[in-house]
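# Structure at a glance
What follows is the residue order along each chain.
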Amino acid sequence: MATMSRRGLLAASIGPLALGASLRPGAADEGNDFPADFVWGASTSSYQIEGAIDADGRGKSIWDVFCRVPGEIKNGDTGDVACDHYRRWRDDIALLSQGGFSAYRFSTAWPRIMPAGKGPVEPRGLDFYDRLVDGLIARGIAPWLCLYHWDLPQALQEQGGWLKRDIADRFADYARIVGSRLGDRVKHWAMFNEPNIHAIFGHGTGQHAPGVSGLPNMLAAMHHQNLAQGRAIQVLRAERADLQLGTIVNLQPVRPSSDQDEDHRAVERFDALWNRACLDPLVKGAYPEAVVQDFEPLIMNGDLATLRQPIDFLGLNYYAPMWVAAAPQTLFGTWFGAVPQGTPFTAMGWPVDASGLTEVLIDVRNRYGELPVYVTENGASYDETVDPNGAVHDEQRIAYLRDHIAAARRALAAGVKLRGYFVWSLLDNFEWQEGYSRRFGVVHVDFATLKRTPKSSFAYLASLARRR
């Protein structure tokens with residue numbers, strides 16, 4: 001296989017074991033024991049749903065370019081149309097309202113607002129997000145805005161992108177522009193979505209846009225995103241004092257694939273780079289001890305003070321635990337290994353273990369203190385179809401969601417300051433390197449007609465939201 005996404009890597013680590021095995025529904029599926037102000041939300045991202053890549057002055061993003069590299073995206077799919085959310089946003093807000101969601105997490109597209117990544121602002125891009133925010137508020141849905149979900153303007157990539165330090169200032173300028181326009185109505189702001197994943201797979205293995213590879217590039221991209229995050233938080237705090245500022249990191253428990261000493265040692269390095277290298281600097285002002293020497297050449301005077309910023313919340317994306325093994329020839333010397341026999345898997349080939357969500361939520365509390373935490377992504381891809389009556393019965397997804405919501409409840413009971421849960425995703429969408437072959441949505445999208453059909457999982461979540 002020429003390329004493989006992080007989703008494929010997980011699948012490769014498990015081989016043919018029980019792919020797509022169904023889950024038994026958990027017994028605990030009531031939502032009325034969550035706090036009355038618990039946030040029930042849905043998440044999306046700009047490149048995965050908006051489409052309209054040439055509309056209203058939008059510039060090219062790195063994913064527009066990467067999608068046109070032969071063999072990189074399954075079936076040659078692109079995000080050119082995606083879900084056409086740019087034109088159908090009113091329909092999608094209506095779905096959010098129908099589902100009883102109290103919040104919607106979306107991302108703004110940097111190239112739609114600043115086509116060259118810096119310099120002139122495209123007013124039609126800001127106008128789109130103005131309309132979206134106003135439409136959400138009119139329906140009683142709180143807008144949660146993420147400034148960056150991987151779609152860097154291609155013009156900045158051609159100047160070095162996340163490999164160059166000056167991109168931190170470009171990102172801060174972008175944050176200031178969006179904050180100035182929308183900060184009067186949007187109160188929850190996430191700086192990044194999964195900077196760890198963007199660095200590892202976009203700049204380390206080269207399997208996501210922009211297709212850069214090598215450990216030095218991965219480390220540079222990670223450090224410069226951390227720097228940009230600190231600068232953006234500073235800028236937004238100066239812009240408005242009433243904003244709730246945070247970030248979103250993909251966190252997954254790391255477990256050894258065997259009892260061998262080398263696999264146990266591999267866990268520490270893998271955990272440090274995957275889970276902690278984008279959180280320790282933000283909260284503690286230092287990189288994890290296991291990898292601090294890797295980052296030292298990148299750190300300049302004053303960097304650590306910029307990286308460490310007070311935040312109002314942490315967004316946590318969880319899908320699966322990771323079993324790893326020592327692998328000296330891989331990107332950072334440890335990589336995905338064998339998964340225990342009998343583990344069920346989603347259609348993505350990801351192992352299913354809801355206990356990992358409880359584990360990681362408690363670990364965040366223990367490592368980083370009493371931060372308010374939101375599960376900002378959690379969901380699963382399964383292969384379902386529209387039946388002859390036009391319905392989509394996705395019982396496996398319901399079982400997955402039920403078990404993970406129960407796991408979130410256990411963390412809450414253990415004293416974690418868990419404040420909300422956002423499903424990934426509202427819509428079936430462009431799933432990065434998998435194109436349109438994998439579906440995570442609680443709303444089915446017919447990519448030929450763009451018709452939206454709420455699935456059974458949508459009704460399940462709506463029933464929970466209505467009990468709050």
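What counts, and where the lines are drawn
- Counting from 1, residues in each chain are numbered in the order their sequence is written.
- Only residues with pLDDT of at least 70 are given local features in this predicted model, and only at 80 or more are side-chain atom pairs given and counted; all residues enter the totals for whole chains, interfaces and linings.
- Note that the side-chain values use all heavy atoms of the structure and ignore hydrogens as well as water.
- By the criteria applied, helices consist of DSSP H or I runs no shorter than four residues and strands consist of E runs no shorter than two, each listed in order from the N terminus.
- Two rings from Phe, Tyr or Trp (for Trp, the six-membered ring) form a pair when their centres sit within 6.5 Å of each other. Planes less than 30 degrees apart are called stacked, planes more than 60 degrees apart edge-to-face, and all others tilted.
- Relative accessibility decides the category of a residue: with a 1.4 Å probe and only protein chains considered, values under 20% of the type maximum give buried, values over 50% give exposed, and everything between is partly exposed.
- Strands are treated as partners if at least two bridges between them are detected by DSSP.
- Every axis in this analysis is a line fitted to C-alpha atoms, fitted for helices over the stretch in contact. Angles between the N-to-C directions lie between 0 and 180 degrees.
- Any two residues whose heavy atoms approach within 4.5 Å are treated as being in contact.
- Each residue after the first adds 1.5 Å to the expected span of a helix.
- The quantity called pLDDT is the predictor's confidence in a given residue, expressed from 0 to 100.

With an omega of 10°, the peptide bond running from Ala209 to Pro210 counts as cis. Mapped onto the fold, Pro210 is located in the loop between α9 (195-203) and α10 (215-239). Residue Ser425 is reached from Trp424 by a cis peptide bond, and omega for that bond is 10°. Turning to its location among the elements, Ser425 is positioned in the loop between β11 (418-424) and β12 (443-445).

This part covers the packing of aromatic side chains. For any pair of aromatic rings, the description rests on two quantities: the centre-to-centre distance and the angle between the ring planes. Scanning the model with the defined rule gives 46 aromatic pairs in all. Residues Tyr104 and Phe106 carry aromatic rings whose centres are separated by 5.7 Å and whose planes lie at 25° to one another, so their mutual orientation is stacked. Per residue, the accessibility class of Tyr104 equals that of Phe106, and both read buried. A connected cluster of aromatic rings, assembled from ring pairs, spans Tyr47, Trp63, Phe66, Trp150, Phe430, Trp432, Tyr436 and Phe447.

We now examine the sheet that holds strand β8 (residues 322-326). Strands sit in the order β6-β8-β9 across an open sheet of three strands; the sheet is mixed. Each edge of the sheet is formed by a strand with only one pairing partner; in this case those strands are β6 (254-256) and β9 (334-336). Each strand axis lies, on average, 45° off the axis of its neighbour in the sheet, ignoring direction. Pairing of β8 with β9, which is carried by three bridges, proceeds in the antiparallel orientation. Directly across from Ala325, in β9, lies its bridge partner Trp335. Lying on the sheet, helix α11 (residues 261-276) is in contact with β6, β8 and β9; it crosses β8 at an angle near 120°.

With 14 residues, helix α15 (residues 355-368) should reach 20 Å at 1.5 Å per residue; the first-to-last C-alpha distance of 20 Å fits that figure. Taken together, the buried positions of α15 are occupied by Gly356, Leu357, Thr358, Val360, Leu361, Val364, Arg365 and Tyr368. Gly369 occupies a position one or two residues after α15 and carries a positive phi of about 90°.

The predicted coordinates of low-pLDDT regions are not to be read in fine detail. Overall, the prediction assigns the protein a mean pLDDT of 93, with 93% of residues at 70 or greater. Confidence drops under a pLDDT of 50 for residues 1-29, and excluding neighbours within four residues, the segment shows 81 contacts in the predicted structure.

Let us now look at the pairing of strand β1 (residues 39-43). With five of five residues buried, β1 is to be regarded as a mostly interior element. Here β1 shows no split at all, with Val39, Gly41 and Ser43 on one side and Trp40 and Ala42 on the other all buried. Of the strand pairs in this sheet, β1 and β11 are connected by five bridges, and their pairing is parallel. The residue of β11 that forms the bridge with Val39 is Gly420. Inspection of the sheet shows β1 paired to strand β2 (residues 103-107) by three bridges, in the parallel sense. In the strand pairing of β2, Gly41 is matched with Ala103.

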